[in-house]
Amino acid sequence: MIIKNARTNRLTVGIGLLSLGALLLSGCSLTGASTSNESKEGDGTGAINALFMKQAGYSEDNVNAMIADFESKNPDITVEPTFVAYEALHDKIVTSAPAGTYDVVHLDVIWPADFASKGLITDVTDRFPATWTDEMLGGALTSAEYQGKYYGAPWGPSTKLFYFNKEMVAAVGATEADLTTWDGALAVATKIKAAGLAEYPFSWSWSQAEALICDYAQLLGAFGGAFTDADGKLVVNDAAGVEALTWMKKTIDDGLTDPASITFLEDDVSKSLSAGKTAMALNWESTFRDSNDASISTVVGKVGVLPTPAGPTGEHPGVNGSMALSIGAQSTNQAAAWKFIEYMTSQSVQEQYVTSSMTNWKSSYTKTDLAASNPEVFAAAGVAYDTMILRPTVANYNSVSQILQVEIQNALLGKKTPQQAMDDAVEAANATIG
Amino acid sequence: MVRSKRENQARLAFWLLIPAGVAVFGVIVYPILRTLLISFFEVTSALATDTPFVGFNNYLEVLSNSTFWASMGRTLYFTLISTSLELCLGLLLAGLLNAKLRARWLFRAIVVIPWAIPTIVSAAMWKGVFNAQYGPLNAMLSQLGIIDQYQAWLGDPTTALNMVILADVWKSTPLVAFFLLAGLTAIPNELYEAAKLDRASWPRIFRSIVLPMLIPSISIVLVLRTVEAFKVFDIIYVMTRGGPVNGTQTIAYYAYTTAFSDQNFGVGSALSYVIVIVILALSAIYLRLLRRSEMSLL
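Residues numbered from 1 in each chain as written. Chains lettered and ligands numbered in written order. Predicted model: local features only at pLDDT ≥ 70, side-chain atom pairs only at ≥ 80, totals over all residues. Heavy atoms only, no water.

A word on the overall build of chain A
Reasoning step 1: Of the regular secondary structure elements, chain A holds 18 helices and 13 strands.
Reasoning step 2: What you see for chain A is a C-alpha radius of gyration of 24 Å, in line with the 22 Å of a compact globule of 434 residues.
Reasoning step 3: Referenced to the eigenvectors of the C-alpha coordinate spread, the extents of chain A come out at roughly 85 × 60 × 45 Å.
Reasoning step 4: Partitioning the intrachain contacts of chain A with sequence separation of at least 6 by distance along the chain shows that 74% fall at a separation of at least 24.
Reasoning step 5: Of the accessible surface of chain A, which amounts to about 16800 Å², a share of 54% is contributed by carbon and sulfur atoms. (Helix = DSSP H or I, 4+ residues; strand = E, 2+ residues; numbered from the N terminus. Rg over C-alpha atoms; globule rule 2.2 N^0.38 Å. Contact = heavy atoms within 4.5 Å. Areas by Shrake-Rupley, 256 points an atom, 1.4 Å probe, with all protein chains shown as cover.)

Here it is, written out as structure tokens:
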């Protein structure tokens, strides 16, 4: 018995010492992060790993073609891409950060504050050419900026546009002019439903996900509201915030919104539009490309695109959904990573794939031949990019977003009144923001 | 001479065990200890260097959070319903698989398929089955005249949780059935014959012979499934991502979002340990209850 106890004690001590040793080996910090200032520049050659989103915007084929072209022009650098769904991208960046798995990461406009303040991405202000700030669209620049510093290079501005089934709209005697306001769109939707052309004319991405916040942001803007006040506190329980949510709920109650929207992401909305089941929807720029792809769409040539309709205030800002490419903080090949980012975000490359994602270079919009390659989206996006609504730029955005998602859904499912839901959201979110 | 041979053997055994020891330490013991360590610190980034010691504050924060208790309630519901259904259906299935049918091997092979499919795949499949626009469940119920219009099965918090349970039961029942089948085949035929001679009815045979003899298998499968159900994560991640209105957010999913989405690793680690404690408590209760039976292996 004594021998057994002695063995057990030795084992416990051994495990404890080994753990302590492992902790010391991992860099003396609890997370394993190093505090040393050793250079991570690398020699500008070798292999780099890049993490991309596989959803709206540039397709996997687009990115692979870009990489092949980059490698042919830079034979000393090889790029190994990884693609994940947007919903998995944030957490993948977080979990891979300590190991420094990715040299280049795809960044959403809502994350610079989160990742930069927590040291997950690299400050590239010194590499960022001063001319870019004049040559790029302001909305796109925010996707890589935090507290006056740049943490990446913008890789396409983005916003949600208004898509509609031209046949259905024409069948009820309506025109594009009727779809410039949300009131007009509602009237057209009512006629489409009455005519039996679509059981539920509207589909939305109102699943418990960031997609819901994007749709809400666009309506919030149309009703003249904003997420935060000058002090950075959430104020969506004001009149505009509640009106926008009340409007959303009413479209469900009136049978104009597909109740399944509460389970939809943008991809589901796009499929519903392409299947001819949805008459009108908000979605990203690449939806126009997908709805005209005969292999996945039954409404080729029948989908129109407009800037998001205006609300009672006459405003119609698109949600800022711009993306960027950043260098992972633990990358040890940052020179090669920046070379790759410079290539991917260059004007010529972005212009080459303009049917998938718009470019963030101002001068691209004055090229008539380029606009002719995707005229409908260019026309709609040109207006939409003029005014964009930003989601809260706070360090713990994810927590705030999750609180909002739950409370908005509470109102949509009739579990709380819009006012109560937004009051609860503001109280919980502001406690998180601090 | 003998002693030296024994010492050599011990040395050989030590070196042979080293790879397994390193693997176990690296992927199990070290992460467990490190998670415990992190649970006592405030860690708000995956690369944080400033990590103040907060003692048991993370645990107190977890226990005072209403979202935690709501998730815990949901998880207990998920565990109770899914484990009960799996046990009942598994028992029925095991009885069928034990019957002397022609091509019994084929039935047994077919039944194991749901268990053999990776959870991530079966969850994606069930998400498709429940789809509100083109899901086969809607098509079937609508054609049978049971529903008037297609339903968003994953669009209401309570219904969504029950649908996720259904998917989990489909996936895990075969495992339960095979555990119980192993128990059934071990029951000697003589016992059935003796019971028949005593003119015992089938319900009586089931109550007095089958069930007591199955207690060892039931005890193992009950503990196994309870622990698994309590940790449910992947099926939720694929089917609902915790929505709508957090209606399918189980405790493991809540720990995941706290740690990785919110980057609150200290609280996330504390949550993980609370899960471990609850699982240990549940297992202890089971074992205590089942140990009363003389047939129990545990």
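Some words on the overall build of chain B
Reasoning step 1: Each helix and strand in chain B was counted, giving 13 helices and zero strands.
Reasoning step 2: Counted from the first residue to the last, chain B has its helices and strands arranged as α-α-α-α-α-α-α-α-α-α-α-α-α.
Reasoning step 3: For chain B, the C-alpha radius of gyration of 24 Å lies well beyond 19 Å, the compact-globule estimate for 298 residues.
Reasoning step 4: The C-alpha extent of chain B, read off along each of the three principal axes, is 85 × 75 × 35 Å.
Reasoning step 5: For chain B, the share of sequence-separated contacts (at least 6 apart) that also reach a separation of at least 24 residues comes to 67%.
Reasoning step 6: As displayed, chain B offers around 16200 Å² of accessible surface, 68% of which is attributable to carbon and sulfur atoms.
Reasoning step 7: Chain B carries 22 positive and 15 negative side-chain charges, and their two centres are separated by 12 Å. (Lys, Arg positive; Asp, Glu negative; His and termini not counted. Charge placed at Lys NZ, Arg CZ, Asp CG, Glu CD.)

Some remarks on the environment of Val406(A)
Reasoning step 1: As for its position among the elements, Val406(A) is in helix α17 (residues 397–412).
Reasoning step 2: For Val406(A), a relative accessible area of 12% translates into the label buried.
Reasoning step 3: With eleven residues separating them in the primary sequence, Val406(A) and Ala395(A) have C-alpha atoms 20 Å apart.
Reasoning step 4: Discounting residues that sit within four places of it in the chain, Val406(A) has contacts with Gln208(A), Val245(B) and Asn246(B). (Buried < 20%, exposed > 50% of the residue type's maximum accessible area, 1.4 Å probe, protein only.)

Digging into the pairing of strand β10 (residues 303–306) of chain A
Residue and element names in this part refer to chain A.
Reasoning step 1: Of the two faces of β10, both are covered, the one formed by Val-303 and Val-305 as well as the one formed by Gly-304 and Leu-306.
Reasoning step 2: Inspection of the sheet shows strand β7 (residues 161–165) paired to β10 by four bridges, in the antiparallel sense. In the sheet register, Tyr-163 faces β10, and the bridge partner there is Val-305. (Pairing = 2+ DSSP bridges.)

Section: the domain arrangement of chain A
Residues and elements named next belong to chain A.
Reasoning step 1: Domain annotation for chain A reports domain 1 (46–158 + 321–387) and domain 2 (161–319 + 396–433).
Reasoning step 2: Counting from both sides, the interface comprises 25 residues of domain 1 and, opposite them, 18 residues of domain 2.
Reasoning step 3: In total, about 1800 Å² of surface goes out of reach between domain 1 and domain 2, with carbon and sulfur atoms giving 61% of it.
Reasoning step 4: Viewed at the interface, domain 2 and domain 1 are joined by zero salt bridges.
Reasoning step 5: For the pair domain 1 and domain 2, the number of links is seven residue pairs in polar contact (both at pLDDT 80 or more). (Domains from an automatic or database assignment. Buried area = accessible area lost by both parts, 1.4 Å probe. Salt bridge = Lys/Arg side-chain N within 4 Å of Asp/Glu carboxyl O. Polar contact = N/O pair within 3.5 Å; in protein donor to acceptor, adjacent residues only side chain to side chain.)

With respect to the interface of chain A and chain B
Reasoning step 1: The partner chain B presents 39 residues to the 48 residues of chain A that form the contact.
Reasoning step 2: Approximately 3400 Å² of surface area, both sides summed, lies buried where chain A meets chain B, with 59% of it carried by carbon and sulfur atoms.
Reasoning step 3: Seen at the junction of chain A and chain B, the total is zero salt bridges.
Reasoning step 4: Counting every contact that joins chain A to chain B gives 13 residue pairs in polar contact (both at pLDDT 80 or more).
Reasoning step 5: Counting residues per element, the ones that place at least two in the side of chain A that touches chain B are α1 (2–25), α3 (86–96), α4 (112–117), α11 (266–274) and α17 of chain A.

With respect to the confidence of the model for chain A
Low pLDDT marks regions whose predicted coordinates should not be analysed in detail.
Reasoning step 1: Chain-level pLDDT for chain A is 90 on average; 92% of the residues reach the 70-or-more range.
Reasoning step 2: When mean pLDDT is taken per element in chain A, strand β8 (residues 202–203) of chain A scores highest with 98 and α1(A) scores lowest with 55. (pLDDT = per-residue confidence, 0-100.)

Notes on unusual backbone geometry
Residues and elements named next belong to chain B.
Reasoning step 1: Of note, the amide linkage connecting Gly-243 to Pro-244 takes the cis form, showing an omega dihedral of -10°.
Reasoning step 2: Inspection of the secondary structure assignment puts Pro-244 in the loop between α11 (234–239) and α12 (251–261).
Reasoning step 3: In this structure, Arg-199 is a non-glycine residue whose phi angle is positive, near 60°.
Reasoning step 4: Take Arg-199: it is sitting in the loop between α9 (189–197) and α10 (202–230).
Reasoning step 5: Not every positive phi belongs to a glycine, and Val-245 is a case in point at roughly 35°.
Reasoning step 6: You can see Val-245 is positioned in the loop between α11 and α12.
Reasoning step 7: Judged by its relative accessible area of 12%, Val-245 is buried.

So, the pairing of β7(A)
For a regular strand, side chains alternate in direction, first toward one face of the sheet and then toward the other.
All names here are of chain A.
Reasoning step 1: Judged by how many residues are buried, β7 sits mostly within the fold: five of five residues are covered.
Reasoning step 2: Here β7 shows two buried faces, one formed by Leu-161, Tyr-163 and Asn-165 and the other by Phe-162 and Phe-164.
Reasoning step 3: With four bridges connecting them, β7 and strand β9 (residues 280–283) associate as antiparallel partners. Directly across from Tyr-163, in β9, lies its bridge partner Ala-281.

Some points on the sheet that holds β9(A)
All names here are of chain A.
Reasoning step 1: Pairing is mixed in the open sheet, where four strands are placed in the order β8-β9-β7-β10. This sheet does not close on itself; its edge strands, each paired only once, are β8 and β10.
Reasoning step 2: The sheet contact formed by β8 and β9 spans two bridges and is parallel. Residue pairing across strands places Ser-203 opposite Ala-281, the latter belonging to β9.
Reasoning step 3: Where α11 meets the sheet, it contacts β7, β8, β9 and β10, and its direction lies at approximately 145° from that of β9. (Axes fitted to C-alpha atoms, helices over the stretch in contact; angles between N-to-C directions.)

Here we look at the nonpolar core
Reasoning step 1: In terms of nonpolar packing, the biggest core is built from 138 residues, with Trp182(A), Phe202(A), Tyr216(A), Met248(A) and Met280(A) touching the most fellow members.
Reasoning step 2: Ile48(A), Ala50(A), Ile77(A) and Phe340(A) belong to the second largest nonpolar core, which has 32 residues in total. (Core = buried A, V, L, I, M, F, W, Y, C linked by side-chain atoms within 4.5 Å.)

Re helix α8 (residues 182–194) of chain A
Residues and elements named next belong to chain A.
Reasoning step 1: For α8, which comprises 13 residues, the first-to-last C-alpha distance of 18 Å matches the rise-based estimate of 18 Å (1.5 Å per residue) to within 8%.
Reasoning step 2: Burial in α8 covers these residues: Trp-182, Gly-184, Ala-185, Leu-186, Val-188, Ala-189 and Ile-192.
Reasoning step 3: Looking at the buried positions of α8, the neighbouring elements they touch are β7, α7 (166–171), β8, α9 (210–222), α10 (239–253) and β9. (Expected span 1.5 Å × (residues − 1).)

Here's the deal with the sheet that holds strand β1 (residues 46–53) of chain A
Residues and elements named next belong to chain A.
Reasoning step 1: The strand order β2-β1-β3-β12-β6 describes an open sheet built from five strands, whose pairing is mixed. What marks the edges here is a single partner per strand, and that holds for β2 (77–84) and β6 (153–154).
Reasoning step 2: Sheet strands in contact with α3 are β1, β2 and β3 (104–108), and its direction is about 135° off that of β1.
Reasoning step 3: Running at roughly 160° to strand β12 (residues 323–327), helix α13 (residues 334–344) makes contact with β1, β2, β3, β6 and β12 of the sheet.

Notes on the environment of Thr240(B)
Residue and element names in this part refer to chain B.
Reasoning step 1: Within the secondary structure, Thr-240 sits in the loop between α11 and α12.
Reasoning step 2: Along the chain, Thr-240 and Ala-160 lie 80 residues apart, while their C-alpha atoms are 7.9 Å from each other.
Reasoning step 3: Dropping the residues within four chain positions of it, Thr-240 is found in contact with Leu-154, Val-164 and Thr-248.

Remarks on a nonpolar patch on the surface
All names here are of chain B.
Reasoning step 1: Judged by side-chain polarity, Trp-105, Leu-106, Ile-110, Val-112, Ile-113 and Trp-115 come together as a nonpolar surface patch covering roughly 590 Å² of accessible area.
Reasoning step 2: Put simply, the parts of the chain that give the nonpolar patch at least two residues each are α4 (104–111) and α5 (113–116).
Reasoning step 3: Counting residues per element, the nonpolar patch draws most heavily on α4, at three residues.
Reasoning step 4: With respect to the helices and strands, the residue Trp-105 is situated in helix α4.
Reasoning step 5: According to the relative accessible area criterion, Trp-105 is exposed, its value standing at 65%. (Patch = residues over 30% accessible without salt bridge, like charges linked within 9 Å, V, L, I, M, F, W, Y side chains within 5 Å.)

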